[in-house]
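Residue-level structural notes
The primary structure of each chain is shown beneath.
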Amino acid sequence: MTYMIPAILFLIFFLITSLKVLNEYERGVIFRLGRVIDSKGPGLIILIPIVDKMVRVSLRIMTLDVPSQDVITKDNVSIKVNAVIYFRVTDPTKAILEIEDFMFATSQLAQTTLRSVCGGVELDDILSQREKINGEIQEILDIHTDPWGIKVSTVELKYVDLPQEMQRAMAKQAEAERERRAKVINALGEFQAAEKLTQAAKIISAHPEALQLRYLQTLREMSAEGKSSTIIPLPLDLMRMLAPGASSGELIKKNIQESSEE
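Everything in this summary refers to the structure shown in the same document. Predicted model, so just to flag it, every value in this text is computed and none were measured.

A few words on a nonpolar patch on the surface. Nonpolar side chains collect at one region of the surface, where M4, I5, I8, L9, I12 and I16 lie side by side and expose about 590 Å² of accessible area between them. Its place among the elements puts I8 in helix α1 (residues 4-18).

All right, on to the packing of aromatic side chains then. In total, this model carries zero aromatic pairs according to the counting rule given. Its guanidinium or amino end placed over the ring of Y25, R60 lies 3.8 Å from that ring's centre, counting from NZ or CZ.

On to the pairing of strand β2 (residues 26-32). The element β2 is largely enclosed, with a buried count of six among its seven residues. Relative to strand β5 (residues 52-58), β2 runs antiparallel, the two sharing seven bridges. When the bridges of β5 are listed, R32 appears paired with D52. For β2 and strand β3 (residues 35-40), the ladder comprises five bridges, and the chain directions are antiparallel. Within the sheet, the bridge partner assigned to F31 lies in β3 and is V36.

Attention now moves to the sheet that holds β3. What the three strands build is an open sheet, ordered β3-β2-β5; its pairing is antiparallel. Either end of the sheet is taken by a strand with one partner, and the two such strands are β3 and β5. Taken over all neighbouring pairs, the strand axes of this sheet differ in orientation by 25° on average, direction set aside.

Sheets are built from strands that pair by backbone hydrogen bonding, the pairs being arranged parallel or antiparallel. Here three strands make up an open sheet; going across it, the order is β6-β7-β8 and the pairing antiparallel. Edge positions in the sheet fall to β6 (62-72) and β8 (150-161), since each of these pairs with one other strand and no more. This sheet shows a mean twist of 25° between the axes of neighbouring strands, independent of strand direction. Where strand β7 (residues 78-89) meets β8, 10 bridges bridge the pair, whose relative direction is antiparallel. Residue pairing in the sheet places Y86 in a bridge with T154 of β8. Contacting β6, β7 and β8, helix α3 (residues 102-119) crosses the sheet at an angle of about 35° to β6. Sheet strands in contact with helix α5 (residues 130-145) are β7 and β8, and its direction is about 140° off that of β8.

Definitions and limits used
- Residues numbered from 1 in each chain as written.
- Predicted model: local features only at pLDDT ≥ 70, side-chain atom pairs only at ≥ 80, totals over all residues.
- Heavy atoms only, no water.
- Patch = residues over 30% accessible without salt bridge, like charges linked within 9 Å, V, L, I, M, F, W, Y side chains within 5 Å.
- Areas by Shrake-Rupley, 256 points an atom, 1.4 Å probe, with all protein chains shown as cover.
- Salt bridge = Lys/Arg side-chain N within 4 Å of Asp/Glu carboxyl O.
- Helix = DSSP H or I, 4+ residues; strand = E, 2+ residues; numbered from the N terminus.
- Phe/Tyr/Trp six-rings, centres within 6.5 Å; stacked < 30°, edge-to-face > 60°.
- Lys NZ or Arg CZ within 6 Å of the ring centre and 35° of its normal.
- Buried < 20%, exposed > 50% of the residue type's maximum accessible area, 1.4 Å probe, protein only.
- Pairing = 2+ DSSP bridges.
- Axes fitted to C-alpha atoms, helices over the stretch in contact; angles between N-to-C directions.
- Contact = heavy atoms within 4.5 Å.

Right, dumping it as structure tokens:
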């Protein structure tokens, strides 16, 4: 029995060092005497102790937070931009052999790409065309990380930090734009009102009875207000009958003077 103890201990040591379990989202890159033989997993795999070495690689989507980068845009505006990148390993063997640390390498590449892309466009494009900027950064990263066995799935700009002077200038610009719209809307309303008044004048000139009806309606509205004194304008036709040689302007002026004297 004493001769069996070393064999049992060796068997236990062999099982501990040779049996490995990989999860569904993991792969193991196997090195045998320094040479890559294959990537295995998931499930139970057997390694030769001392001879084989395994490096675990996760195939899940990883999130990389790109820190804020100082960028000078094409129109010479200094801003700070940060982003978030989602990528995953598609080829575990390349991710281990082609690059020493693919996480660090992807982070550094993302920072330089973010600065170069945002520095080549104007500030208005960064604020209004984020989807386009995200697509350009993703395409560049995907091309450079493909030899490493990495697929960049999504790039999103998180926020753009503007200087205080630029924020005030943009606020003034937005205020001026709203004032311009208000003036345009007011002018459009005046134009439409003038068109309607012109149409009404044409109808009244073609049908003089309509002017008399409008005159009576105005008197009714003035009397319904309950004021102590009511000014009743005299029709121009009646004024012409009283003063045959007077023009329309003189009649209106005379009517106003009489109303003020009262």
